[in-house]
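Per-entry structural report
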Amino acid sequence: FDFVITPWHLSCSLVSVVQFGADKWLARRPNAKTRIPELSMLLVTLMGGHVGSIVGMTLFAHKTRKWRYWLVLCQSIVLHHYLLPHLLVLFTGFW
């Protein structure tokens, strides 16, 4: 079980850190015509990149005041560390 989920979380977290860094870099450029879409960043966080989102928000001091990011971050942590493992045990008996 851990070997299946861990690479997924690591991959999503890596993507999330890169997204936060790239978006911060683009936000500082005055002539940047495009940025990383907020929905994309939120979806990667919700898919399992919550650790990378925390690292990216802290490392780049980016999106730390946006309540939407904190809400999705908390939802992702509850989903991946509480609900999914409990549902897996409940319906399959596998742990």
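Heads up: the structure comes first, above all this text.
Described in the following lines is the structure provided in the data block. As the structure is a computational prediction, the values presented were derived from the model and not from experiment.

In terms of regular secondary structure, the protein is built from four helices and zero strands. For the protein, the succession of helices and strands along the chain, N to C, is α-α-α-α. Overall size of the protein, expressed as C-alpha extent along the three principal axes, is 55 × 25 × 20 Å. Put simply, the protein has 95 residues, and 31% of those count as buried. A total accessible area of about 6600 Å² is found for the protein, and carbon and sulfur atoms account for 72% of it.

What follows concerns the side chain of H9. Here H9 is to be found in helix α1 (residues 2–28). Assessed through its relative accessible area of 14%, H9 is described here as buried. Leaving out residues up to four positions away in the same chain, H9 has contacts with G48, H50 and H80.

Now for unusual backbone geometry. The phi torsion at A61 lies on the positive side, around 50°, for a residue other than glycine. With phi around 65°, K63 is a residue other than glycine that occupies positive phi space. Tracing the chain through its elements places K63 in the loop between α3 (50–60) and α4 (67–92). A relative accessible area of 12% places K63 in the buried class.

As a further point, take the nonpolar core. One finds F20, M41, L42, M57, Y69, V72 and L73 forming the largest nonpolar core, which totals seven residues. With near-sequence residues (within four places) excluded, M57 lies in contact with F20, H62, K63, T64, Y69, W70 and L73.

Tallied over the full model, the rule gives five salt bridges. Between E38 and R68 there is a salt bridge, with the nearest N and O atoms lying 3.1 Å from each other. In this pair, E38 sits in helix α2 (residues 38–46) while R68 sits in helix α4, placing the two residues 30 residues apart along the sequence. A relative accessible area of 26% places E38 in the partly exposed class. Put simply, D23, R35, E38, K63, K66 and R68 are held in one network by salt bridges that share partners.

A word on the packing of α2 against α4. Two elements in contact, α2 and α4, have axes whose closest approach is 8 Å; the angle formed by their N-to-C orientations is 25°. The angle between α2 and α4 falls in the class roughly parallel. The two elements α2 and α4 cross, and the hand of that crossing is right-handed. Contacts between α2 and α4 involve E38, M41, L42, T45 and L46 from the former and R68, Y69, V72, L73, Q75, S76, L79 and H80 from the latter. Within the contact of α2 with α4, the residues separate by chemical class into seven nonpolar, four polar and two charged.

Conventions we followed
Residues numbered from 1 in each chain as written. Predicted model: local features only at pLDDT ≥ 70, side-chain atom pairs only at ≥ 80, totals over all residues. Heavy atoms only, no water. Helix = DSSP H or I, 4+ residues; strand = E, 2+ residues; numbered from the N terminus. Buried < 20%, exposed > 50% of the residue type's maximum accessible area, 1.4 Å probe, protein only. Areas by Shrake-Rupley, 256 points an atom, 1.4 Å probe, with all protein chains shown as cover. Contact = heavy atoms within 4.5 Å. Core = buried A, V, L, I, M, F, W, Y, C linked by side-chain atoms within 4.5 Å. Salt bridge = Lys/Arg side-chain N within 4 Å of Asp/Glu carboxyl O. Axes fitted to C-alpha atoms, helices over the stretch in contact; angles between N-to-C directions. Parallel < 35°, antiparallel > 145°, perpendicular 65-115°, else oblique. Left-handed = near helix turned anticlockwise from the far one by under 90°. Nonpolar A, V, L, I, M, F, W, Y, C, P; charged D, E, K, R; others polar.

By themselves these figures say nothing about function.
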